[in-house]
Amino acid sequence: MKALIVDDEARVRKAVHLLVDWDAHGIHEILEAGSGNEAMELIRKSRPELVIMDMMMASGHGMELMEWIGEFADTVKFIVVSGHNDFEFVRNTVRHGGIDYILKPIEAEAINAAVHKAVTEWREEERDRIDIQRQNIQLNEFKPVYGEKLLSSLIDDQSAAEASVRRLRNEGAIPMEAEAAQLSLLQLDASDALLIKRFGNDSELMHFAIINVCNEFLAKDRSGIAFKYWGAPWEIIILTWERSCNIQELIFRINEGLFHTFQRRMHFGIGLAGQLPHSLPAQYAEAKTALARRNVLRSDAYVHSLEAESDDSAERHGQYNFSSVREEWKMAVLSGSDGQISEASQKWVSELARTGGITPEQLQQWTAAVMQFRVQLLRETLGDAAGNAEAALEQSDRLNQPPHPGSYAFTLFAWRDWSYSLMSELARVINERQAKDKRTINDIVKYVEQNYMDDLSLLDIASAFFVSREYISRKFKQEFGINFSDYLATYRIDKAKQLMQNPHLKISQIAEMVGFRDVKYFSKVFKKQEGVSPKMYRSKLESL
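Computed from a predicted structure; not experimentally measured.

1. What about the side chain of Asn-255?
Reasoning step 1: Within the element layout of this structure, Asn-255 appears in helix α9 (residues 247–262).
Reasoning step 2: Excluding anything up to four places from it in sequence, Asn-255 contacts Arg-264, Arg-265, Met-266, Phe-268 and Tyr-302.

What follows is the structure, encoded as structure tokens:
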């Protein structure tokens, strides 16, 4: 704390300085002034919490100083030290909020008691001031949020819309005379990393700044209000209620303001004007749909409405869908050829550009179709292993996110590069998995060839190679066109045929040597495969 001693006599200032136990009162800086006028300058400059002052001074009367403190420094506590026992002086000291009126000569006990009282009152009042300031800050922070919530409820909660409108009218957010409104939707570009970075990556601060720019234009003639829409994280709503308001011209001016401030022009969807508040949900849906169907190839259009979408353009936008390129993409991926993948990617965006119209809605549908294509192709090619491959690709998606469908900085090259990366990564995963599967099947085949004479079962082999029985069955079918049991039986019969060339081996011995414990079952399998019994087969060999 700081204290200021004001007296035109230096000896009195020194006496006060010596008599007060400043440290005990928490006062660590003591200033001095020789007149009331000098005191005013020091108070302006140094802002002391306590003033100890004389009443009669040559330059600047004590009464003038008290009045000035009451008007311009009302938090300052002051004590009067005077040589005049004048009731009028005492009365004015009390009237202006003085703590005490002490007569000269000054007694240490009296002045320390007065300083203690002054310091205690100042600290109590400062705590109250801080509490009030904190409450005001919280209230100021809460009021915009409360207003946004009420305004958002006009769209989200029709059951409470009438009550919300009444509150907003009472608080001046909506004019009393406004019966109709037109809704415009500003959709921020969530992928605009450079703009978001300008606000320290604080999207809330960015929303606040953009809303402020919008409201600067709306507040000039009280034609509307802009607010953050609680129903979606990257949307700002503008409500206008002047029937004479030219929405196209207004949004043009707002956009120029946004460009001047942030070097960005933004896209607005508008709904058809209607009565407050019940038309707003339909207006919001219209505005959102208009933005979703805007032609991203047009860089000069920023205001979008459903009325502006002609039947021809809507038909044109829907002509080219993913089914047009699905088979070509599949062949490119399965080929594993970088050239074919690159060609498929380039052809896709070239065909898109040729349509003359691409919408965020269409791009979103394409993205979903592409991801579904990936899942289906993994299941077709990898079967049970598709789940693990899909999880691995989802990890790599973090480094190869699809371009944002609603991005203001639309470029076909970004979509081409994304599709190329996605297909290349898909081809790599499939090829690697298939190569691994090939090695696994080759190892299983070698194992069968080395152990065909043993009692082999599908379960035993699956356990030995840490795969499922279904996996082995499916892979044998893919590789050899037959299931595992038929492959094993064929291999054993082929070995038996070789052994039959030895006339000294009995049929029963040969059956056991190739893994058949039952000679009758061996004969049955042999005849099924060769068309003759083992005995007849041997007879034919001997006759040659």
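Anyway, onward from the coordinates.
2. Observations concerning unusual backbone geometry
Reasoning step 1: Here the amide bond leading from Lys-104 into Pro-105 is cis, since omega sits at -5°, within 30 degrees of zero.
Reasoning step 2: Tracing the sequence through the fold places Pro-105 in the loop between β5 (101–103) and α5 (108–156).
Reasoning step 3: With an omega dihedral of -5°, the bond running from Leu-276 to Pro-277 counts as a cis peptide bond.
Reasoning step 4: By the secondary structure assignment, Pro-277 is in the loop between β10 (274–275) and α10 (280–292).
Reasoning step 5: Backbone geometry at Arg-47 places phi at a positive 50°, although glycine is not the residue there.
Reasoning step 6: Along the chain, the position of Arg-47 falls in the loop between α2 (36–46) and β3 (50–53).
Reasoning step 7: Residues other than glycine seldom take positive phi values, yet Asn-201 does so here, at roughly 60°.
Reasoning step 8: Relative to the helices and strands, Asn-201 is located in the loop between α7 (193–198) and α8 (203–219).

3. A closer look at the pattern of salt bridges
Oppositely charged side chains are able to pair whenever their charged atoms sit close together.
Reasoning step 1: Under the defined criterion, the tally for this structure stands at 22 salt bridges.
Reasoning step 2: Across the pair Glu-204 and Lys-228 runs a salt bridge, and its minimum N-O distance is 2.4 Å. You can see Glu-204 sitting in helix α8 and its partner Lys-228 sitting in strand β7 (residues 224–228), a full 24 residues away along the chain.
Reasoning step 3: A relative accessible area of 13% means that Lys-228 is categorised as buried.
Reasoning step 4: A salt bridge links Lys-330 to Glu-380, with the nearest nitrogen and oxygen atoms 2.9 Å apart. Placement of Lys-330 in helix α12 (residues 326–335) and of Glu-380 in helix α14 (residues 360–382) is noted, with a sequence separation of 50 residues between them.
Reasoning step 5: Using a relative accessible area of 16% as the deciding quantity, one classes Lys-330 as buried.

4. Describing the packing of α12 against α14
Reasoning step 1: Direction vectors running N to C along α12 and α14 enclose 50°, while the axes themselves pass 11 Å from each other. Here α12 lies oblique to α14, going by the angle between them. Considering the relative orientation of α12 and α14, their crossing is right-handed. The segment α12 lies against α14, with Arg-326, Trp-329, Lys-330, Val-333 and Leu-334 engaging Val-370, Phe-373, Gln-376, Leu-377, Glu-380 and Thr-381.

5. A short note on the pairing of strand β2 (residues 29–33)
Reasoning step 1: With five bridges connecting them, strand β1 (residues 2–6) and β2 associate as parallel partners. What sits directly across from Lys-2, in β2, is Glu-29.
Reasoning step 2: Between β1 and its parallel partner β2, the chain crosses via helix α1 (residues 10–19), and the hand of that crossover is right-handed.

6. Points about the packing of aromatic side chains
Reasoning step 1: With the rule as written, the count across this model stands at 21 aromatic pairs.
Reasoning step 2: Judged by centre distance (5.4 Å) and plane angle (70°), the rings of Phe-526 and Tyr-537 are edge-to-face. A residue pair is termed long-range when its members are at least 10 positions apart, and Phe-526 in helix α21 (residues 519–530) and Tyr-537 in helix α22 (residues 534–543) qualify at 11 residues.
Reasoning step 3: Of the residues examined, Tyr-537 reaches a relative accessible area of 18% and is grouped as buried.
Reasoning step 4: Here a set of aromatic residues connected by ring pairs shows up, and it is made of Phe-322, Trp-329, Trp-348, Trp-366, Phe-373, Trp-415 and Trp-418.
Reasoning step 5: Positioned above the aromatic ring of Phe-259, the side-chain terminus of Arg-265 is 3.9 Å from the ring centre.
Reasoning step 6: In this structure, Arg-492 is placed above the aromatic ring of Phe-516, and the distance from its NZ or CZ to the ring centre is 5.7 Å.

7. Quick look at the nonpolar core
Reasoning step 1: One finds Trp-329, Trp-348, Leu-378 and Leu-426 to be the most contacted residues of the largest nonpolar core, which totals 34 residues.
Reasoning step 2: Counting only elements with at least two residues in this core, the list comes to α12, α13 (338–355), α14, α15 (386–396) and α16 (412–451).
Reasoning step 3: The element contributing the most residues to this core is α16, with nine residues.
Reasoning step 4: Apart from residues lying up to four places away in sequence, Trp-329 is in contact with Phe-322, Ala-344, Trp-348, Val-370, Phe-373, Ser-419 and Met-423.
Reasoning step 5: Membership of the second largest hydrophobic core comes to 29 residues, among which are Val-445, Leu-456, Ala-489 and Ala-511.

8. Let's talk about the packing of α2 against helix α3 (residues 62–72)
Reasoning step 1: One can describe the packing of α2 onto α3 by two numbers: an axis separation of 9 Å at closest approach and a directional angle of 20°. As the angle between them shows, α2 and α3 are arranged roughly parallel. Handedness of the α2/α3 crossing: right-handed. Contact residues: Gly-36, Ala-39, Met-40, Ile-43 and Arg-44 in α2; Glu-64, Leu-65, Trp-68 and Ile-69 in α3.
Reasoning step 2: For the contact of α2 with α3, a count of residues per class yields six nonpolar, one polar and two charged.

9. A word on the confidence of the model for the protein chain
Reasoning step 1: Averaged over every residue, the pLDDT of the protein chain is 87; residues scoring 70 or more account for 94%.
Reasoning step 2: Low pLDDT, under 50, characterises residues 136–142; the predicted model gives this stretch zero contacts beyond four residues in sequence or across chains.
Reasoning step 3: In the predicted structure, residues 314–318 sits below a pLDDT of 50 and forms 10 contacts with residues beyond four places in sequence or in another chain.

10. Topic: the sheet that holds β3
Reasoning step 1: The strand order β2-β1-β3-β4-β5 describes an open sheet built from five strands, whose pairing is parallel. Two strands bound the open sheet, and with one partner strand each, they are β2 and β5. This sheet shows a mean twist of 20° between the axes of neighbouring strands, independent of strand direction.
Reasoning step 2: Examined bridge by bridge, strand β4 (residues 77–82) and β5 share three bridges and lie parallel to one another. If you follow Val-81 over to β5, its bridge partner there is Ile-102.
Reasoning step 3: Along the sheet face, α3 touches β1, β3 and β4 and points at about 165° away from the line of β3.

Scoring rules and cut-offs
Residues numbered from 1 in each chain as written. Predicted model: local features only at pLDDT ≥ 70, side-chain atom pairs only at ≥ 80, totals over all residues. Heavy atoms only, no water. Helix = DSSP H or I, 4+ residues; strand = E, 2+ residues; numbered from the N terminus. Contact = heavy atoms within 4.5 Å. Salt bridge = Lys/Arg side-chain N within 4 Å of Asp/Glu carboxyl O. Buried < 20%, exposed > 50% of the residue type's maximum accessible area, 1.4 Å probe, protein only. Axes fitted to C-alpha atoms, helices over the stretch in contact; angles between N-to-C directions. Parallel < 35°, antiparallel > 145°, perpendicular 65-115°, else oblique. Left-handed = near helix turned anticlockwise from the far one by under 90°. Pairing = 2+ DSSP bridges. Right-handed = clockwise from strand over helix to strand, strands pointing away. Phe/Tyr/Trp six-rings, centres within 6.5 Å; stacked < 30°, edge-to-face > 60°. Lys NZ or Arg CZ within 6 Å of the ring centre and 35° of its normal. Core = buried A, V, L, I, M, F, W, Y, C linked by side-chain atoms within 4.5 Å. Nonpolar A, V, L, I, M, F, W, Y, C, P; charged D, E, K, R; others polar. pLDDT = per-residue confidence, 0-100.

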